Amino acid sequence: MLSIVGRIGILLGIAFLSTVLVAETSDPSLREQVPALAPKSNPALNPRHPEYYVVVPRDTLWDVAARFLVHPWRWKDLWRNNPSIKNPHLIYPGDKIILRRVKGELIADLVRGPGGREAITIQEELLGSDLSTVHLSPKIRVLPLNQAIPTIPLGTIQPFLSQTRITAVGEMEAAAYVVGQADRRLAAAAGDAVYVRGINTDNDTTRYTLYRPGRPYHRQDPKGGEPELLGIEAIPIGEGEIERTGELATLRITRSVREVLAGDRVFPENDQIFNQNFMPRAPEVPMEGHIIDVLGGVSRIGQLQTVVLDLGHESSLEIGHVLVIYQSGDQVIDPLTKEVLILPQEQAGLLMVFRVFNRLSYALVLEAQKEIRLQDTVRPPEP
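About the criteria used
- Residues numbered from 1 in each chain as written.
- Predicted model: local features only at pLDDT ≥ 70, side-chain atom pairs only at ≥ 80, totals over all residues.
- Heavy atoms only, no water.
- Phe/Tyr/Trp six-rings, centres within 6.5 Å; stacked < 30°, edge-to-face > 60°.
- Lys NZ or Arg CZ within 6 Å of the ring centre and 35° of its normal.
- Pairing = 2+ DSSP bridges.
- Helix = DSSP H or I, 4+ residues; strand = E, 2+ residues; numbered from the N terminus.
- Axes fitted to C-alpha atoms, helices over the stretch in contact; angles between N-to-C directions.
- Contact = heavy atoms within 4.5 Å.
- Core = buried A, V, L, I, M, F, W, Y, C linked by side-chain atoms within 4.5 Å.
- Buried < 20%, exposed > 50% of the residue type's maximum accessible area, 1.4 Å probe, protein only.
- Arc of directions from axis to C-beta.
- Polar contact = N/O pair within 3.5 Å; in protein donor to acceptor, adjacent residues only side chain to side chain.
- Salt bridge = Lys/Arg side-chain N within 4 Å of Asp/Glu carboxyl O.

(A) Broad picture of the packing of aromatic side chains. Using the criterion set out here, one finds 4 aromatic pairs in the structure. Aromatic side chains Phe68 and Trp75 sit 6.3 Å apart centroid to centroid with 40 degrees between the ring planes, which places their arrangement in the tilted category. Taken together, Phe354, Phe357 and Tyr362 form an aromatic cluster joined through their ring pairs. Sitting over the face of the ring of Tyr52, Lys96 holds its NZ or CZ atom 5.2 Å from the ring centroid. Lying across the ring of Tyr326, Arg379 places its NZ or CZ 4.1 Å from the centre.

Here it is in structure tokens:
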């Protein structure tokens, strides 16, 4: 029996070798004719779809689904009745996905490649069958040992999963805050100790995260009234551990990304588990919202940009929901009547929600066919 380290080494080696695999093939011996789709019973096929596809390391589940389907978020409809795909997230480089029809139902069949078989064996023997989550805490990062392809580019959204947050109205003002430093300096950094007021002594947590209030997020009133405050951006400053409790607690800063100043807010650092494999799907209830901010220090909104929506748990929005972006219609003057007209909305792209707060959410723009702007509308895809 190979040791755990040996097995992991084999797995990583296989993942590396799989980079030489050819992504698509036209070998007629492996093709199976797929009849025309029955109306409303199967997802619409991409007119240029292959009959099979061999996964490569840089793929995402969204990319693979888009090769086969007009609407990639309906990927689930292809594998739901297929016993060979027990977990659609655990698809590996070298795995072959074949389009088939079984009893009138269009499905995606899966033939495991060597990397996928080895990864599944190691996973089941060492870690159980569910490696779909990542455990995040200030000092520990438990990552999957397998090399399954992600749903979307995780590197793009990782900072917004583990650091940035949005606080509810009043939450920032009620949080504990930095009063000052022991040596009377104006700013503190990693290794320094600061005094904090408002720490809940009943809380067993010793690790805390420091935030600074950022932008307020508002929902515009369509009738021209006062905008409604939905929440406030919390900018991460650093992390620390409590050394002494009391009305003025002592917090030792263990990590800082910016200088810590008096007035910065302090929140308990709760260990969090984020699902790293999102299942794209359309919302089951009607909703309509708007893009109210774009993150990352950019002014233009394009593909793979993270945006803020004025929708959240209150609107039944969930992680993985796919929404269509509609470009807001411009105002024009009728050349004959001189009336002010609003041009019709046009579809501009697609986004997927990856983190949800009470009244706001973060989403990643997956497709951008036209210019996307702030206050563009988002709605569920049409059935």
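(B) How the structure looks around the sheet that holds strand E2 (residues 96-102). Read across the sheet, 3 strands follow the order E1-E2-E3 without closing on themselves; strand pairing throughout is antiparallel. Each end of this open sheet is capped by a strand with a single partner; those strands are strand E1 (52-54) and strand E3 (105-111). For this sheet, the mean angle separating the axes of adjacent strands, direction not counted, is 25 degrees. One ladder, built from 3 bridges, connects E1 with E2; its direction is antiparallel. Looking at E2, one finds that Tyr52 is bridged to Ile98. Packed onto the sheet, helix H2 (residues 61-68) meets E1 and E2 and runs at close to 155 degrees relative to E1.

(C) Representation of the nonpolar core within the structure. With 25 residues, the main nonpolar core has Ile157, Phe278, Val308, Phe354 and Tyr362 as its most contacted residues. Elements with a minimum of two residues in this core: helix H5 (154-162), strand E18 (322-327), strand E21 (346-356) and strand E22 (361-368). For this core, the leading source of residues is H5, giving 4 residues. Excluding its chain neighbours within four sequence positions, the residues that come into contact with Ile157 are Ile152, Phe278, Thr306, Phe354 and Leu364. The next biggest cluster of nonpolar side chains, apart from the first, holds 20 residues, and it includes Val64, Leu78, Trp79 and Ile91.

(D) View of H2. Of all the residues in H2, the buried ones are Leu61, Trp62, Val64, Ala65 and Phe68. Projected down its long axis, H2 shows its buried positions confined to an angular sector of 160 degrees, all on one face. Its buried side turned inward, H2 meets E1, E2, E18, E21 and E22.

(E) How the structure looks around the environment of Tyr53. Structurally, Tyr53 can be placed in strand E1. Between the C-alpha atoms of Tyr53 and Arg67, which are 14 residues apart in sequence, the distance is 8.6 Å. A polar atom in the side chain of Tyr53 sits 2.6 Å from the side chain of Asp59.

(F) Quick look at the pattern of salt bridges. Considering all chains together, one arrives at 18 salt bridges under this definition. Where Arg185 meets Asp192, a salt bridge forms, and the shortest distance between an N and an O atom there is 3.1 Å. Owing to a relative accessible area of 17%, Asp192 belongs among the buried residues under this scheme. The closest approach of N and O atoms between Arg252 and Glu243, which form a salt bridge, is 3.0 Å. Owing to a relative accessible area of 31%, Arg252 belongs among the partly exposed residues under this scheme. You can call Glu243 partly exposed: its relative accessible area is 48%.

(G) Inspection of the sheet that holds E18 at higher detail. If you trace the 6 strands once around the closed barrel, you get E16-E17-E22-E21-E18-E23, paired in antiparallel fashion. The sheet shows a mean angle of 45 degrees between the axes of neighbouring strands, direction not considered. Across 4 bridges, strand E17 (residues 306-309) lies against E22 in antiparallel orientation. Its bridge partner being in E22, Val308 is matched across the sheet by Tyr362.

(H) Looking closely at unusual backbone geometry. Residues other than glycine seldom take positive phi values, yet Leu304 does so here, at roughly 70 degrees. With respect to the helices and strands, the residue Leu304 is situated in the loop between strand E16 (289-294) and E17. Accessibility expressed as a relative area gives 35% for Leu304, which makes it partly exposed. In this structure, Ser316 takes a positive phi of about 65 degrees despite not being glycine.

(I) Region of interest: the environment of Phe278. Position of Phe278 relative to the elements: it lies in the loop between strand E15 (272-275) and E16. Taking relative accessible area as the criterion, Phe278 reaches 3% and is therefore assigned buried. Distance in space between the C-alpha atoms of Phe278 and Val353 is 9.1 Å, their sequence separation being 75 residues.

(J) Quick peek at the side chain of Asp310. Within the fold, Asp310 resides in the loop between E17 and E18. From its side chain, Asp310 meets the backbone nitrogen of His290 in a polar contact 2.6 Å long. With near-sequence residues (within four places) excluded, Asp310 lies in contact with Arg219, Leu230, Gly289, His290, Ile292, Arg359 and Leu360.

(K) Local environment of the pairing of strand E11 (residues 228-244). Of all 17 residues in E11, 12 are buried, a share of seventy percent or more. The sheet contact formed by strand E10 (residues 207-219) and E11 spans 11 bridges and is antiparallel. Counted as the bridge partner of Arg207 is Glu241 from E11. Of the strand pairs in this sheet, E11 and strand E12 (residues 248-256) are connected by 6 bridges, and their pairing is antiparallel.

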